[in-house]
Amino acid sequence: MAAAREPLLRWRPRSLQSRQLWAASLGLVAFLALTGYALDRAFVDVAGQGQRDRLKAYVDAYAGDVDFARDGSLIPPFTPPDGRFDRPGSGLYAEVVLQNGGWASNSTRGPTMPEAALLAGGDEKFEGPLPITRSDGTPGEVFRYGRGFIWDVERRPEAQFPFTIYVMEDAGTLPRQVRVFRQALWGYLGIAAVVLLLLQALILRWSLLPLRRVITELKRVQRGQLARMSSHHPRELEPLTDSINAFVESERENLERQRNTLADLAHSLKTPLAVLRTRLDSDAGEAELREDFATQLRRMNDLVGYQLARAASGGHKLFAAPVAIEPHAEQIVRGLEKIYATKGVICEFEIDPDARFHGEPGDLQELLGNLLENAFKWARSRVLLTIRPGATAPNRRPGLLLAVDDDGPGIPPEQVAVVLQRGVRGDERVQGHGIGLAIVQDIVRSYRGELEVRTSPELGGARFEVVLPPGL
């Protein structure tokens, strides 16, 4: 099966323009073919109806000239409606059929006409093509129209004489008309198809020009000639170019963050390593060396853990699936309630069921964990977690509002900037490293959000409010 499909897959055009051109061309050709067929059938029907009407007019003309004597003998018409009726084998023939005998125009001399039946009064019949034999013995065909009449001499039933007038025309007239029409029809349709296909190719090329510009810009971004995609693109391509720009910026931020993390880690480890090297070269005793080594190793372990936490919390996925928030919040709160069981802190939830975090679950846990731990640490008895959907934008995932309130002492406005600095604690007497809120700020910044700290209107303590904008 795979081997049989391979040639088909190899033949399939790879170009999007080629695919659209092939599909549109096939549709156009099919439309023109159906249109030509419909016009052809309509012309044939109209031509056939025209021939019937023409023969009927001849019959009506003859009916006005036919007369009968009182004894029922036919008085033939002297002036035919068309001169061809007087030319033998002209292709236009007339007959009058009686109960006994009949009459035929001079044009019927030579050809052998098909048998004609007597029709009842008022009946009419159009038929054909019917076979005939021409004067030269060659076969031919005619279309025939006939109508039945009744001649009433004395207005009495016994004095009525039924008769039928037939007019026949060579069948070659209609095929010639159809042939001429078809040649003109398919010729014009062919020219129209060529013109429309060329116009269609130009339209497709013009309509795909913005996409080719996107490809050109993307190549220039890959080569380093452009920093990002431009904003001058059609609305349909804006989500694509915005996603590419966000991806490029995210990759640059990740690379810059990794470089900074490695540089910070190297710089941070330089001093403890220098101390260890100095102590090794000194004449200190074993006990003193052990104590110094333990101190410096503990310091290096803290530095490595800090830098790894910083690197892990610095980025996020652009196209992450939405994450339900309440299960993560409950898990974190259960652990914090055990740690701070002696304080008896109660955490309340106000979580909108439709609220989702569009990012990495680890980032959500870091946000909730650090904010809730900080609230439990400073709260007297109550903590409030509020989560609801944020702002929305067309064709973008919704934003998010996440707030944590406590009934603790709060944070003075002039101390907010200091508290958010890395390694700074609001109160040196409280255990901690002063890193949690800085990690929260880094995560919020990586999602292009905002972190605001103010007094809680509900509980009176501190309120940490995270606002994430609509994402891609």
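Residues numbered from 1 in each chain as written. Predicted model: local features only at pLDDT ≥ 70, side-chain atom pairs only at ≥ 80, totals over all residues. Heavy atoms only, no water.

(A) Expanded view of the overall build of the protein chain. Along its length, the protein chain carries ten helices and 14 strands. Counting over 472 residues, the protein chain shows a buried share of 36%. In the protein chain, the proportion of contacts linking residues at least 24 apart, taken out of those at least 6 apart, comes to 63%. Put simply, the protein chain shows about 28,000 Å² of open surface, and 56% of that area lies on carbon and sulfur atoms. (Helix = DSSP H or I, 4+ residues; strand = E, 2+ residues; numbered from the N terminus. Buried < 20%, exposed > 50% of the residue type's maximum accessible area, 1.4 Å probe, protein only. Contact = heavy atoms within 4.5 Å. Areas by Shrake-Rupley, 256 points an atom, 1.4 Å probe, with all protein chains shown as cover.)

(B) Helix α7 (residues 326-339), seen in detail. Between its terminal C-alpha atoms α7 stretches 20 Å, which fits the 20 Å expected from 14 residues at 1.5 Å a residue. Every buried residue of α7 is accounted for by His328, Ala329, Ile332, Val333 and Leu336. Considered in projection along α7, the buried side chains sweep an arc of 125° and stay on one side of the axis. Opposite the buried face of α7, at more than 90 degrees from it, the exposed residues are Gln331 and Lys338. The inward-facing, buried residues of α7 contact β8 (322-324), β9 (346-351), α8 (361-378) and β11 (382-389). (Expected span 1.5 Å × (residues − 1). Arc of directions from axis to C-beta.)

(C) Representation of the packing of aromatic side chains within the structure. The full count for this structure, using the stated rule, is seven aromatic pairs. Between Tyr340 and Phe376, the ring centres sit 6.0 Å apart and the planes meet at 35°, which makes this aromatic pair tilted. A residue pair is termed long-range when its members are at least 10 positions apart, and Tyr340 in the loop between α7 and β9 and Phe376 in helix α8 qualify at 36 residues. On the basis of relative accessibility, which here comes to 16%, the residue Tyr340 falls in the buried class. A relative accessible area of 0% means that Phe376 is categorised as buried. Their ring planes at 50° and their centres at 5.4 Å tell us that Phe357 and Tyr447 sit as a pair that is tilted. Placement of the pair is Phe357 in strand β10 (residues 356-358) and Tyr447 in the loop between α10 (436-446) and β13 (450-455), with a sequence separation of 90 residues. Like Phe357, the residue Tyr447 is buried in the burial classification. Among the aromatic residues, ring-to-ring pairing joins Tyr58, Tyr62, Phe85 and Trp103 into one connected group. One Lys or Arg, Arg144, reaches over the ring of Tyr166 and ends 4.8 Å from the middle of that ring. (Phe/Tyr/Trp six-rings, centres within 6.5 Å; stacked < 30°, edge-to-face > 60°. Lys NZ or Arg CZ within 6 Å of the ring centre and 35° of its normal.)

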